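Single-letter residue listing:
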Amino acid sequence: MDRTGSLSVQPAQAVQVVSSTWQRDSHDLFDFEAHHLNTKTFTVPKSMKCIRSGTDVQMVPEHVPPPAGADPLLRLVQKDGAFWVDKASPSTSKKLWLVVRDLATCGHKLFESDIIKLGRFKFRVRQMVASSCGGAQPELRLDDTGATCCAEAPNAENNSMCRICLLEGSSPEDPLIAPCQCKGSIECVHLGCLRHWVKGRLNLSDNNSGSYFYRPLACELCKAVYPAYVHVGSDRFPLVEVPRTTAPFIVLENMVRDSQQHASRGLHVISLAENKLLKLGRGHESDVRIADVSISRCHATIRFHRGQFVLEDHNSKFGTLVAMKKPRALDPGNSISIQVGRTVLSLTLQPPPDLGHGAASVVQSSTSGDHSCRRRPSMGLGLRSPDEHPEG
Ligand SMILES: [Zn+2]
Ligand SMILES: [Zn+2]
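Visitor: Hey, could you run me through the overall build of the chain in this one?
Guide: Across its full length, the chain carries 2 helices and 26 strands. The proportion of buried residues among the 392 residues of the chain is 33%. The long-range fraction of contacts in the chain, counting pairs at least 24 apart against all pairs at least 6 apart in sequence, stands at 64%.

Visitor: What should I look at first to understand the pairing of strand S10 (residues 121-129) in this one?
Guide: On any regular strand, side chains alternate: one points to one face of the sheet, the next to the other face. The sheet contact formed by strand S9 (residues 115-118) and S10 spans 4 bridges and is antiparallel. Bridge pairing links Lys117 to Lys122 in S10. In textbook terms, the turn of a hairpin is the stretch between consecutive antiparallel strands, and for S9 and S10 this stretch comprises 2 residues, one of which, Gly119, has a positive phi near 50°. One ladder, built from 7 bridges, connects S10 with strand S16 (residues 249-255); its direction is antiparallel. By the bridge assignment for S16, Val125 is matched with Leu252.

Visitor: Sorry, what's going on with the sheet that holds strand S21 (residues 308-313) here?
Guide: Paired through backbone hydrogen bonds, the strands of a sheet run either parallel or antiparallel to each other. The 5 strands are arranged S8-S21-S20-S18-S19 in an open sheet whose pairing can be described as mixed. With partners counted over all chains shown, the strands left at the sheet margins are strand S8 (108-109) and strand S19 (288-289), one partner each. Bridge count between strand S20 (residues 300-305) and S21: 6 bridges; the pairing is antiparallel. Residue Ala300 lies in a different strand from S21, and its bridge partner there is Asp313.

Visitor: Quick question: what am I supposed to make of the confidence of the model for the chain here?
Guide: Where the model shows low pLDDT, its predicted coordinates should not be examined in detail. Mean pLDDT over the chain works out to 83, with 80% of the residues at or above the 70 mark. Below pLDDT 50 for its whole length, residues 1-9 participates in 1 contact with residues either more than four positions away or in separate chains. Of the regions scoring below 50 in pLDDT, residues 356-362 engages in 9 contacts with residues more than four places distant in sequence or in other chains.

Visitor: What should I look at first to understand the sheet that holds strand S4 (residues 56-61) in this one?
Guide: Reading across from one edge, S4-S3-S5-S6-S23 is the order of the 5 strands in this open sheet, with antiparallel pairing throughout. A strand with exactly one partner marks an edge of an open sheet, and here the two such strands are S4 and strand S23 (328-329). Strand direction decides the pairing type here: strand S5 (residues 71-79) and strand S6 (residues 82-87), joined by 6 bridges, are antiparallel. Within S6, the position partnered with Lys79 by the bridge is Ala82.

Visitor: Even after reading the chapter, I still don't get the nonpolar core, so can you show me in this structure?
Guide: Soluble globular proteins tend to pack their nonpolar side chains together in the buried interior. Judged by nonpolar contacts, the single largest core of 80 residues is most densely connected at Val17, Leu98, Ile250, Ile338 and Leu345. Composition of this core by domain shows at least three residues from each of domain 1 (10-96 + 324-368) and domain 2 (142-207 + 214-241). The residues contacting Ile250, other than those within four sequence positions of it, are Val125, Met128, Ile270, Leu272, Leu278, Ile302 and Phe309.

Visitor: How should I be thinking about the environment of Arg342 in this particular structure?
Guide: Inspection of the secondary structure puts Arg342 in the loop between strand S24 (336-340) and strand S25 (343-350). Among all residues touching Arg342, those that are not within four sequence positions of it are Thr21, Trp22, Asp25, Asp28, Leu29 and Phe30.

Visitor: Help me understand helix H2 (residues 191-202), please; the structure alone is not making it clear to me.
Guide: Every α-helix carries 3.6 residues per turn, so stepping three or four residues along brings you back to the same face. Spanning 12 residues, H2 covers 16 Å between terminal C-alpha atoms, matching the ideal 16 Å at 1.5 Å per step. Immediately beyond the C-terminal end of H2, within one or two residues, lies Asn203, with a positive phi of roughly 55°.

Visitor: Sorry, what's going on with the environment of Lys326 here?
Guide: Along the polypeptide, Lys326 turns up in the loop between strand S22 (320-323) and S23. Lys326 gets classed as exposed once you count the C-beta atoms within 10 Å, which come to 10.

Visitor: Even after reading the chapter, I still don't get the environment of Val230, so can you show me in this structure?
Guide: Among the structural elements, Val230 can be located in strand S14 (residues 229-232). According to the C-beta neighbour criterion, Val230 is buried, with 21 such atoms within 10 Å. Taking C-alpha positions, Val230 is 9.8 Å from Ala178, a pair spaced 52 residues apart along the chain.

Visitor: For this particular structure, what's the right way to read unusual backbone geometry?
Guide: A negative phi angle characterises most non-glycine residues, just as the trans form characterises most peptide bonds. Cis geometry marks the peptide bond from Ala247 to Pro248; its omega dihedral reads -5°. Mapped onto the fold, Pro248 is located in the loop between strand S15 (235-238) and S16. Of note in this structure, Asp80 is not a glycine but carries a positive phi near 50°. Structurally, Asp80 can be placed in the loop between S5 and S6. Residue Glu274 is not a glycine yet carries a positive backbone phi of 55°. Tracing the backbone through its elements, the reader meets Glu274 in the loop between strand S17 (266-271) and strand S18 (278-281).

Visitor: Got a minute to help me understand the pairing of S16 in this structure?
Guide: Across the 7 residues of S16, 5 count as buried, placing the element largely inside the fold. With 6 bridges joining them, S16 and S17 adopt antiparallel strand pairing. Note that in S17 the partner of Asn254 across the bridge is Gly266.

Thresholds applied
- Residues numbered from 1 in each chain as written.
- Chains lettered and ligands numbered in written order.
- Predicted model: local features only at pLDDT ≥ 70, side-chain atom pairs only at ≥ 80, totals over all residues.
- Helix = DSSP H or I, 4+ residues; strand = E, 2+ residues; numbered from the N terminus.
- Buried ≥ 20, exposed ≤ 12 C-beta atoms within 10 Å, placed from the backbone.
- Contact = placed C-beta atoms within 7 Å.
- Pairing = 2+ DSSP bridges.
- pLDDT = per-residue confidence, 0-100.
- Core = buried A, V, L, I, M, F, W, Y, C linked by C-beta atoms within 7 Å.
- Domains from an automatic or database assignment.
- Expected span 1.5 Å × (residues − 1).

See the structure below:
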């Protein structure tokens, strides 16, 4: 008799899915403090799709087309003896967001290019530097300004004149450059003159650790965004004279939804030296302050712990979320919660179901409008080291 199967491969398990849906439909937010949620519990023994019509969540077989008007939320895929969580469809469906407060570790280990969502606001982790070895400094680059390091000015033979100081002539230390789309008599400017103007506009605060908010500035005449760096010969200079940042530090980019928010484009450069706790929130003491109703006073923090940057939620009303970049396997010891629009789905792997039942999903209970808060996934394991299952 072949007994290896029973030793090495667990029989198919099931997933307990607890869905909680906020009754309001507002900016894809979910209110973690709401008392009136539509809650449902499912036991899912095989690959299935989760859909929502209004506030009603259902699990349907994978290849059954959803009823008209239903939003696909996610797919649970049973593969290789494990259950995977994936987007409902590769391109069209909503993003899946990991709920940080429900992680068994209560914190998420950040990676570069992670996308964090607080309330309605998103940030991209651009850079994390753990130690001062190597002397790394913040890379002042936003997505669409990456390629615009500008070249030296056209020939000095042209008798080019600086449009700020109106003087001709340049030196290796203070070259004339053409930093934007302006042409003709206003094409050139001294690097020093432009730096002086930028410095006045950016109003970088002075502090010992070198934390600041960097935003790209545009030419007031042609509206072209000035480059972050200027090449002079083989050297590269930052256009902005920024303070030196002490490691460990992190660079977070404000992700801007539309042109109305354009003024807030930029990079938060924040040093966590001397065990500093990075605070994100609406309160005045925040390092990254967002004055918006979807942000709690002390919404989330990032701390540097044992060589890792760890994101933690502080019971914020609208949650701290991290975008799921790829399918994620459910781990027997750790429940996870995933937010899709106004629904949070808590997923827990269960021991094999009673084989006497059929394969259909079983709705165990359904409550709505009661005063109990959302059920958190079980966390029987106590405190553990930060999340060991990065997405990227
Ligand atoms: Zn000048
Ligand atoms: Zn210009």
